[in-house]
Every structure is written in structure tokens, then in C-alpha cells.
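Here are the chains, one letter per residue:
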Amino acid sequence: MDIRFEEVGYTYQKGTPFQSKALHDINLSIMDGSFTALVGHTGSGKSTVLQHLNALKKPTSGQVTIGDRVITHFSEDKGLKSLRKKVGIVFQFPEAQLFEETVAKDIAFGPKNFGVSEEDALNKAKELLPLVGLDETFMERSPFDLSGGQMRRVAIAGVLALEPEVLVLDEPTAGLDPQGRKEIMDMFYGLYKNQGLTIVLVTHQMDDVATYADHMIVLEQGTVMKEGHPRDLFKEAGWLASMQLGVPSTVRFAHELEEKFQWTFDPLPLTTDELAVQMKEKLARKAGERV
Amino acid sequence: MMEKLIFGRYIPGHSFIHQLDPRAKLTSAIWFIVIIFLANNWLTYLVLALFVLTAIKLSAINPKFFINGVKPLIWLILFTVILQILFTSGQTIWFRFGPIVISEEGILNGVFIFMRFVLIIFMSTILTLTTMPLSLTDAIEYLLRPLAAVKVPVHEIALMLSIALRFVPTLMDETEKIMNAQRARGIDFGEGNIYQQMKSIVPLLIPLFVSSFNRAEELATAMEARGYKGGEGRTKYRKLSWESRDTLVIAAFGLLSVSLFFLRT
């Protein structure tokens, strides 16, 4: 399912002295089956874009096309529910949304709202727990007795239980330890690779963008500055720095090597593995020259 | 939804009313509610209305905001007005239908009650729109200070008030975030029958309670960690200063009270 923004503008508190424009006629598209990273520093409009992805907000101008539904300022509020099932959103610090007595019930809450029977929903919960790195013993525990990281996983399972076609993640790993971060990101990547889920990731972690995303959108002050493959965008480290964004550690390392030893990397290595392969080649060639 | 809430919202500005000392504004607003009960004929209500309109003009705030302030209470006001019209006995009967008797005095009373409501709301709206909530609590603390002599923890009360006010916007943000998260999980707020709507409140309230308690605990820890101790000997960041314009306003209210006293019948 594609999501397209056409000339989308959004103004908060329109018509009051507090009005502020968050999005300025932006165009962007999120293709079916893609892993899109949405980056931009704080206040660039990421969260506002995010809330348009499943019609939690309606644009004040322009239109958003979600699958075959067109949402404009004048769209009715009724019947948007079906969209919410297709586009699941894991908000920032999603553990704040937990409320049920048990973990199982909380995960089953979403599917039940969309008409899945209690039994099926609970089975779904049981199925999902291992996927997010928890086991069945958690089923009957209270979500409020868990650690922060475990709560996060339960909340993520609660969104996955909707079986969305598009999964939107707003900094899903903020505040987790490195090991937990990698586990969670690998799990999302697995869903993208194996089940063909479309993923939209909002993040400040350029390493994650480099490792997982195949499409990258840079937002700044409510406009789309650039859109393209991370490999192309990360070439312009200076420009990204001017957007108050960095480059992944591999790219930084590669740039330093280029400066110091006049090496050139082509294509630009995005992951540690890619970097290692290219460095090995270059070092081997160097060793050959010396002999 | 949240965006329509007008109560307790401050609108920044530099008008005459904005610059007044919060103590002057608070006492005047309270005094106004007292003296409005002196009014009992057309002339007195006219004087009061003119007074309030002048104050609105001086506040340089769009009159739309004042109308919006009345809106949430309109049903309560109309209900009271209708009761007045129906149950005031009078000599001049205008309309009689079975047990329903409408007299001239009844209508008049209804109109006066309506005026009273609207004027009080306008006056208190002027106060809340032009005064920062924190300045208001400062004013309350100052005005309650005599009570400290009888061991009322005035500073603590004021601190609780300002913390409560401080967290209203935070709670609103939090509410909106949780609402969004639950809507994304298939909850329709404000749709369906009463039972469904009540049920949809639970997934909103529980997370809100949990986060409020967490927040309160964190705040207490943070204050403790910095050795916060209020009351005695503590200086203030925002100082209140009484200017001649504040005396002027109090004088205007005094004049208003006197004229009401003479004009009432």
C-alpha cells in the first residue's frame, strides 16, 4: 500500500493567535514494501507527518492518499478506522499507552477493537510475545510490573497485533540499551524482509538509517529538503551537518580514511561489513604494491 | 478538542490590562462578582455592561474569545433563565397557558440573570486571558498571607497551585499523545453510544494516572535533591510591584460600587 503526500500543509490551532504552520506544502511518497527513514532535527515536522500517515490528523491543505483512500481537510471523521488497522503506529515511548491488567489483554486490545474475537486476539498475543523477545510467562503479568524495556516490547507487540500493512515507528529504540536496540531493530527488519511489511522509521540514529533503510526523507522546518537512497544522501556529510544531522559512524570513518590516505570508496559503505570488505581489498592492494 | 478550551488560557499582550498587577486584577474581579448583586434595574446593568465592555476594549483581545468563554456554559445559563421566567410571580401577566404563567417581572428577571451570568463570565475571562497563571498564584499567595499568622501553610498552598497550573498544559499534551496512541489501536473517542464512550475513556485515564503519579514522584525527588525548602526566607524570582495604574483601577471599581449603590432601586 502506497502513501502519497501532495502539497500537504498543516497549521496547528488555525485561526487563533497561537497558530503555527508545521508543514509547508510537502510532497513525498512511501512506496509499498519500502523501508523509509524519516529524519530531521527536533521541530522539523516529523511527528506531524507521522500523524497524517493514518489520518490521525487531516491536512489543512493538500491531500494525503493512503492506499485508495484520499484524505483532505474536508474528509469525514467516520470510516477512518479501517485505515488505522492498515497503518500501525508505534509512537515514541509507547509504553505510556499500556493500561490493561495483564500483558496478554493489552496486546489483544487492538485486534479486539477491530472485531477479532477475544480468543483469537489472545492467541495472537501468545504468538507475538516471542517475536518481541519475551516469553509466554509474561502473558498473565501486569504490564506495570515490568521493566521499561519489557514494557516497550509489550507495547510494540500491541501494535503488531493489528497486523498492519504499513508499520510506522517513531524512535522505537530511544532509551533502550544497545543490545535491546539491536534486537528490536533486527526484529523490524525481519518483518520487512520476510513478511513484506512497509516500514516508516522516524529516527535520529543515522547508523540505523544506514543499516536498514532503502529510502530516506530529510525534513527541515516543515519542508522536504531531500529524498533518496541513504547511500546518495550520506555522501553529502557537510550538507547533513548543516541540517543538524550527522552521518553514520561507518561513513564518518570512511571519510576520515579518504582524507588521511587519499582512498576513495565506491560505493559508499553503509554498514560495518561493507566497510570491512572494501578496506580489505584496498589493504591487500597496498600490500601487493609494496612487495 | 483541546484547542477549543478557553478557560485558564493566557493570551500574551501588552495592553493596559495585561500590565496591571495581578493582585489588583484578582481583587477587582472578585469584588465585581460581589457588587454585581447590587444591580437590580436597567440603569445599573447598563452601567455594569459599559464598564465590562470598556475593560474588554482595554485588554485589546479579540471579543471572539469572550463569546467562546460563554459557549460552554450556555445551557446552564439558559436553564436558569427559563426557571426564572417560569417561577417569578408578578402582577402584569403577559401570557397564561394552564399552569404556565409568564409575567413581565419574570421576563425582566430572566434578562437580568442572563446579564449577570454573562458579565461575570466576561470579567473572569478578562482576568484569566490577561494574567499568567503563575502571576495569579503569586497574587493568591500574597492575598492569603495574613492567614499565615493562624498557621495556614500559605506558601505550600500557593506552591501546590502553581505546580497544578504548571502541569495543565503538560497533562493536555500527554492526553493528546495517549489518545492518538489508542486511536491508532482502533478506539473511537466520542463515537458510539454512552456505554461505548465510557468504556473508551478507560484506556485514556489509566495511562494518564500512571504517568501523573510517576511525574509527581520525579518532581518530588528532583525538588528534594536540590534541597527545596519554601516559605520562610525564600526570595522570589517574579516580584509584584504595585503601580499608580493599579490604584487607578481600584479607584474605578470603588466609583462603580458607589454609583451602583445610588442607582439601584
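This is a predicted model, so every value here is computed, not measured.

Some details on the overall build of chain A
At step 1: A count of helical and extended segments in chain A gives eleven helices and ten strands.
At step 2: The C-alpha atoms of chain A give 21 Å as radius of gyration, which agrees with the globular expectation for 291 residues (19 Å, within 12%).
At step 3: Each principal axis of the C-alpha atoms in chain A carries an extent, and together these give about 70 × 50 × 35 Å.
At step 4: For chain A, buried positions account for 40% of its 291 residues.
At step 5: Pairs at least 24 apart in sequence give 63% of the contacts found in chain A among residues at least 6 apart.

A look at the overall build of chain B
At step 1: Helices and strands together make up the secondary structure of chain B, namely ten helices and two strands.
At step 2: Starting at the N terminus, the α and β elements of chain B follow one another as α-α-α-α-α-β-β-α-α-α-α-α.
At step 3: Expected size for 265 residues packed as a compact globule is a radius of gyration near 18 Å; at 23 Å, chain B overshoots this value by more than 25%.
At step 4: Its C-alpha atoms give chain B principal-axis dimensions of roughly 70 × 55 × 40 Å.
At step 5: Contacts spanning at least 24 positions in sequence make up 74% of the contacts within chain B whose residues lie at least 6 apart.

What to know about the sheet that holds strand S2 (residues 20–30) of chain A
Across a sheet, strands are paired by hydrogen bonds formed along the backbone, either parallel or antiparallel in direction.
Residue and element names in this part refer to chain A.
At step 1: Here four strands make up an open sheet; going across it, the order is S2-S1-S4-S5 and the pairing antiparallel. Pairing within the sheet leaves two strands with one partner each, and these edge strands are S2 and strand S5 (69–71). Taken over all neighbouring pairs, the strand axes of this sheet differ in orientation by 25° on average, direction set aside.

Focus: the sheet that holds strand S8 (residues 198–202) of chain A
Residues and elements named next belong to chain A.
At step 1: The strand order across the open sheet built from six strands is S6-S7-S8-S3-S9-S10, with neighbouring strands paired in mixed fashion. Strands at the two margins of the open sheet, each flanked by one partner only, are strand S6 (87–90) and strand S10 (223–228). Across this sheet, the average inter-strand angle for adjacent strands is 15°, counted without regard to direction.
At step 2: Of the strand pairs in this sheet, strand S7 (residues 166–170) and S8 are connected by five bridges, and their pairing is parallel. Within the sheet, the bridge partner assigned to Leu167 lies in S8 and is Ile199.

Notes on the domain arrangement of chain A
Residue and element names in this part refer to chain A.
At step 1: Parsing chain A into structural domains produces domain 1 (3–247) and domain 2 (248–291).
At step 2: Look at where the C-alpha atoms of domain 1 and domain 2 centre, and you get two points 34 Å apart.
At step 3: Contacts between the two partners involve eleven residues from domain 1 and, on the opposite side, ten residues from domain 2.
At step 4: For the side of domain 1 that touches domain 2, the secondary-structure elements that each account for two or more residues are helix H7 (206–212) and helix H8 (230–233).
At step 5: Here the element with the most residues in the side of domain 1 that touches domain 2 is H7; it accounts for five residues.
At step 6: Of the residues contributing to the side of domain 1 that touches domain 2, the split by class is seven nonpolar, one polar and three charged.

Observations regarding helix H3 (residues 103–113) of chain A
Residue and element names in this part refer to chain A.
At step 1: Of all eleven residues in H3, nine are buried; the element is thus mostly enclosed.
At step 2: Of all the positions in H3, only Val103, Ala104, Asp106, Ile107, Ala108, Phe109, Gly110, Pro111 and Asn113 are classed as buried.
At step 3: In the core, the buried residues of H3 are packed alongside helix H4 (118–131) and helix H5 (148–160).
At step 4: Gly115 sits one or two positions beyond H3 and adopts a positive phi of about 90°.

Comments concerning helix H8 (residues 154–184) of chain B
At step 1: Relative to the 45 Å expected for 31 residues at 1.5 Å per residue, H8(B) spans 45 Å between its end C-alpha atoms, a close match to the ideal helical length.
At step 2: Along H8(B), the helix axis deviates most sharply at B:Val168, where the bend reaches about 35°; the proline B:Pro169 sits within four residues downstream.
At step 3: What H8(B) keeps buried is the set B:Val154, B:Ala158, B:Ile178, B:Met179, B:Ala181, B:Gln182, B:Arg183 and B:Ala184.
At step 4: Check the buried side of H8(B) and you find it contacts helix H2 (81–86) and S6 of chain A together with helix H7 (133–144) and helix H9 (194–225) of chain B.
At step 5: Within two residues after H8(B), B:Gly186 carries a phi angle of roughly 95°, on the positive side.

Observations regarding the interface of chain A and chain B
At step 1: Contacts between chain A and chain B engage 23 residues on the former and 19 residues on the latter.
At step 2: When residues of the side of chain A that touches chain B are traced back to their parent elements, those giving at least two are H2, S6 and H3 of chain A.
At step 3: Grouping the amino acids of the side of chain A that touches chain B by side-chain chemistry returns twelve nonpolar, eight polar and three charged.

Things to note about the confidence of the model for chain B
Reading fine detail from the predicted coordinates is not recommended where pLDDT is low.
At step 1: The share of residues in chain B with pLDDT of 70 or more is 97%, and the mean pLDDT across the chain is 88.
At step 2: Per the prediction output, this complex has pTM 0.78; the corresponding ipTM is 0.88.

Some details on the pairing of strand S4 (residues 61–66) of chain A
Residues and elements named next belong to chain A.
At step 1: By the bridge criterion, five bridges tie strand S1 (residues 3–12) to S4 in an arrangement that is antiparallel. When the bridges of S4 are listed, Arg4 appears paired with Thr65.
At step 2: Direction of pairing for S4 relative to S5: antiparallel, over a ladder of three bridges. Across the sheet, the residue bridging to Val64 is Ile71, located in S5.
At step 3: Following S4, the chain reverses through two residues before pairing antiparallel with S5; Gly67 in that reversal takes a positive phi of roughly 60°.

A few points about the environment of A:Ala213
Residues and elements named next belong to chain A.
At step 1: Residue placement: Ala213 occurs in the loop between H7 and strand S9 (215–220).
At step 2: C-alpha separation for the pair Ala213 and Ser20, spaced 193 residues apart in sequence, amounts to 31 Å.
At step 3: Ignoring sequence-local partners within four residues, the contact set of Ala213 consists of Phe35, Thr36, Ala37, Leu201 and Pro230.

A word on unusual backbone geometry
All names here are of chain A.
At step 1: Backbone torsion omega between Asp266 and Pro267 reads -5°, so that peptide bond is classified as cis.
At step 2: Topologically, Pro267 is positioned in the loop between helix H10 (249–261) and helix H11 (272–290).
At step 3: Here the phi dihedral of Gln244 falls at roughly 60°; this positive angle occurs in a residue that is not glycine.
At step 4: Counting through the fold element by element, Gln244 comes out in the loop between helix H9 (237–242) and H10.
At step 5: Even without being a glycine, Gln262 presents a positive backbone phi close to 55°.
At step 6: Take Gln262: it is sitting in the loop between H10 and H11.

Rules used throughout
Residues numbered from 1 in each chain as written. Chains lettered and ligands numbered in written order. Predicted model: local features only at pLDDT ≥ 70, side-chain atom pairs only at ≥ 80, totals over all residues. Helix = DSSP H or I, 4+ residues; strand = E, 2+ residues; numbered from the N terminus. Rg over C-alpha atoms; globule rule 2.2 N^0.38 Å. Buried ≥ 20, exposed ≤ 12 C-beta atoms within 10 Å, placed from the backbone. Contact = placed C-beta atoms within 7 Å. Pairing = 2+ DSSP bridges. Axes fitted to C-alpha atoms, helices over the stretch in contact; angles between N-to-C directions. Domains from an automatic or database assignment. Nonpolar A, V, L, I, M, F, W, Y, C, P; charged D, E, K, R; others polar. Expected span 1.5 Å × (residues − 1). Bend = angle between axes of the 7 residues up to and from the residue. pLDDT = per-residue confidence, 0-100.

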